[in-house]
Amino acid sequence: MRADLLNAASACFAARGYAPVSLRDVARAAGTTAAMVHYYFGDKDGLTLALLERALSDLLERVRLKLAARPAFGTQPGAIDVFFDTALEAIGAEPWLPQLILREVLSDGAPFRERFIDSYAGPMSQLLRNTLRAEIAAGRLRADLDVEFAFMSLLGMGVFPFLAQPVFERALGVRYDAAFRARLAAHTKRLFLEGARS
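**Examining the overall build of the protein chain**
Assigned secondary structure in the protein chain consists of 10 helices and zero strands. Beginning at the N terminus, the succession of helices and strands in the protein chain can be written as α-α-α-α-α-α-α-α-α-α. Against the globule reference of 16 Å for 198 residues, the protein chain gives a C-alpha radius of gyration of 18 Å, in line with a compact fold. Summarising its shape, the C-alpha atoms of the protein chain cover approximately 60 × 35 × 35 Å along the three principal directions. Within the protein chain, the fraction of its 198 residues that count as buried is 42%. Entry remark: accessible area of the protein chain is about 10400 Å², with carbon and sulfur atoms responsible for 58%. Seen as two clouds, the 24 positive and the 22 negative side-chain charges of the protein chain have centres 4 Å apart.

**Structural notes on helix α5 (residues 79–93)**
Taking 1.5 Å of rise per residue, the 15 residues of α5 would be expected to cover 21 Å, and the 21 Å separating its terminal C-alpha atoms lies within 8% of that figure. With 11 of 15 residues buried, α5 is to be regarded as a mostly interior element. Listed as buried for α5 are Ala79, Ile80, Asp81, Val82, Phe83, Phe84, Thr86, Ala87, Leu88, Ala90 and Ile91. For α5, the secondary structure elements touched by its buried residues are α4 (44–69), α6 (97–106), α7 (113–137), α8 (147–163) and α10 (178–196).

Calculation notes
Residues numbered from 1 in each chain as written. Predicted model: local features only at pLDDT ≥ 70, side-chain atom pairs only at ≥ 80, totals over all residues. Heavy atoms only, no water. Helix = DSSP H or I, 4+ residues; strand = E, 2+ residues; numbered from the N terminus. Rg over C-alpha atoms; globule rule 2.2 N^0.38 Å. Buried < 20%, exposed > 50% of the residue type's maximum accessible area, 1.4 Å probe, protein only. Areas by Shrake-Rupley, 256 points an atom, 1.4 Å probe, with all protein chains shown as cover. Lys, Arg positive; Asp, Glu negative; His and termini not counted. Charge placed at Lys NZ, Arg CZ, Asp CG, Glu CD. Expected span 1.5 Å × (residues − 1). Contact = heavy atoms within 4.5 Å.

The structure is reproduced here in structure tokens:
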């Protein structure tokens, strides 16, 4: 039932956004009552944090596994491809994720910030910085590349467009569908790698 409720919440948030969805909506989508949502999560904040934990744990594990599955650095797909493709795949499956990160992690007094840093941002940062260092050592990325700034650039280029989605969709007249995400991933990887390659 807990997994059913999380799946229902994910579907509701994806279809309607975070704010308009009530616990009653989530319960109805899961085929149960609001009392069950309260039993498992307490309130909407508890449900939101559980949903964030599940999505972020899955993203981190997928990046780890896909990087580990590459036979050696420099083989296809490249490490940067793995990161972008996996992150955009996760965002495509959970389009509410960036907005909830903004609300629950980045805003003042965000309740999930410390957990996010310790359990997700910290390990992801270490994983990607180690990957970048290995690529530099192998001569595939520039020797003068600043690994910390490169990590921030990757995140900024890959995630900010989704944090700003409500603005960009209207200002640029684009739709964040699968074709758009593929274009964004290809553009961002090319832009980063053309500046970072040795």
